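Here is how the chains run, residue by residue.
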Amino acid sequence: GDVGAQHIAEALKVNAVVTKLDLTYNNIGAVGAQHIAEAFKVNVAVTQLGLTVNFIGAVGVQHIAEALKVNATVTELDLSRNDVGDVGAQHIVEALKVNATVTELHLYLNEIEDVGAQHIAKALATNTTVTELNLSENEISDVGAQHIAEALKFNTTVTQLNLVGNNEGDHQRFRDLLRESCLHKRI
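Residues numbered from 1 in each chain as written. Predicted model: local features only at pLDDT ≥ 70, side-chain atom pairs only at ≥ 80, totals over all residues. Heavy atoms only, no water.

### As for empty space enclosed by the protein
Under the definition given, this model contains two cavities of 30 Å³ or more. In this structure, the largest cavity occupies an estimated 50 Å³ of space. If you trace the largest cavity, you find it lined by Val-93, Leu-96, Leu-105, Leu-107, Ile-120, Ala-123, Leu-124, Asn-127, Val-130 and Leu-133. Residue assignment for the lining of the largest cavity shows that the elements contributing at least two residues are α4 (85-96) and α5 (114-126). Here the lining of the largest cavity gets three residues from one element, more than from any other, and that element is α5. A breakdown of the residues in the lining of the largest cavity according to their chemical character gives nine nonpolar, one polar and no charged. The volume enclosed by the second largest cavity comes to roughly 30 Å³. Lining the second largest cavity are Phe-40, Leu-49, Ile-64, Ala-67, Leu-68, Val-74 and Leu-77. Top contributing element to the lining of the second largest cavity by residue count: helix α3 (residues 57-68), with three residues. (1 Å grid on protein atoms, 1.4 Å probe; cavity = no way out; pocket = protein on both sides within 12 Å on 5 of 7 lines; lining within 4 Å. Points joined across faces, edges and corners; volume = space filled by probe spheres on them. Helix = DSSP H or I, 4+ residues; strand = E, 2+ residues; numbered from the N terminus. Nonpolar A, V, L, I, M, F, W, Y, C, P; charged D, E, K, R; others polar.)

### A closer look at unusual backbone geometry
With phi around 60°, Arg-81 is a residue other than glycine that occupies positive phi space. Mapped onto the elements, Arg-81 comes out in the loop between β3 (76-78) and α4. Judged by its relative accessible area of 36%, Arg-81 falls in the partly exposed class. Even without being a glycine, Asp-83 presents a positive backbone phi close to 50°. (Buried < 20%, exposed > 50% of the residue type's maximum accessible area, 1.4 Å probe, protein only.)

### A word on the packing of helix α1 (residues 2-12) against helix α2 (residues 30-40)
The N-to-C vectors of α1 and α2 enclose an angle of 5°; their axes lie 8 Å apart at closest approach. Classified by the angle their axes make, α1 and α2 are roughly parallel. Where α1 approaches α2, its residues Asp-2, Ala-5, Gln-6, Ile-8, Ala-9 and Leu-12 are matched on the opposing element by Val-31, Gly-32, His-35, Ile-36, Ala-39 and Phe-40. Of the residues contributing to the contact of α1 with α2, the split by class is eight nonpolar, three polar and one charged. (Axes fitted to C-alpha atoms, helices over the stretch in contact; angles between N-to-C directions. Parallel < 35°, antiparallel > 145°, perpendicular 65-115°, else oblique. Contact = heavy atoms within 4.5 Å.)

Rendered as structure tokens:
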């Protein structure tokens, strides 16, 4: 929970050995995420952070995003199944505008809809570090998929994109959009 996250965060502020931190299924909420985020503002060792299946929400993700703006070591971030929503997606992409180390971003099953997809697309159009993006099992329709496809026309780094299980209606049209925008990429 949040108290346990606080204890882990205090240790991370001084620990220079742990490189992978997986806090999946720990009932961490926004307060716990805030503690973890504070630690990641000073931690220089952890490269992989997994916070899958917690209760972080948009408020907790805002704290994580603020930490990402100054953290230069995390390369892989997994926030899957945290009810991030469109607002949380916006916080993450704001951080990606200044963060130059995150290469893998997992936002699976987070209630992200077309507005969130549009925010993500704007970041993808200019981001040069993310190579793998998992947006599977969200609520992205053809509209959001089109925003992402358009952004991929300008993005030269994303090589893996997972949009499985979203609400896109015409699957063939969706695939054609993606194929058009990134013929040279694995999608």
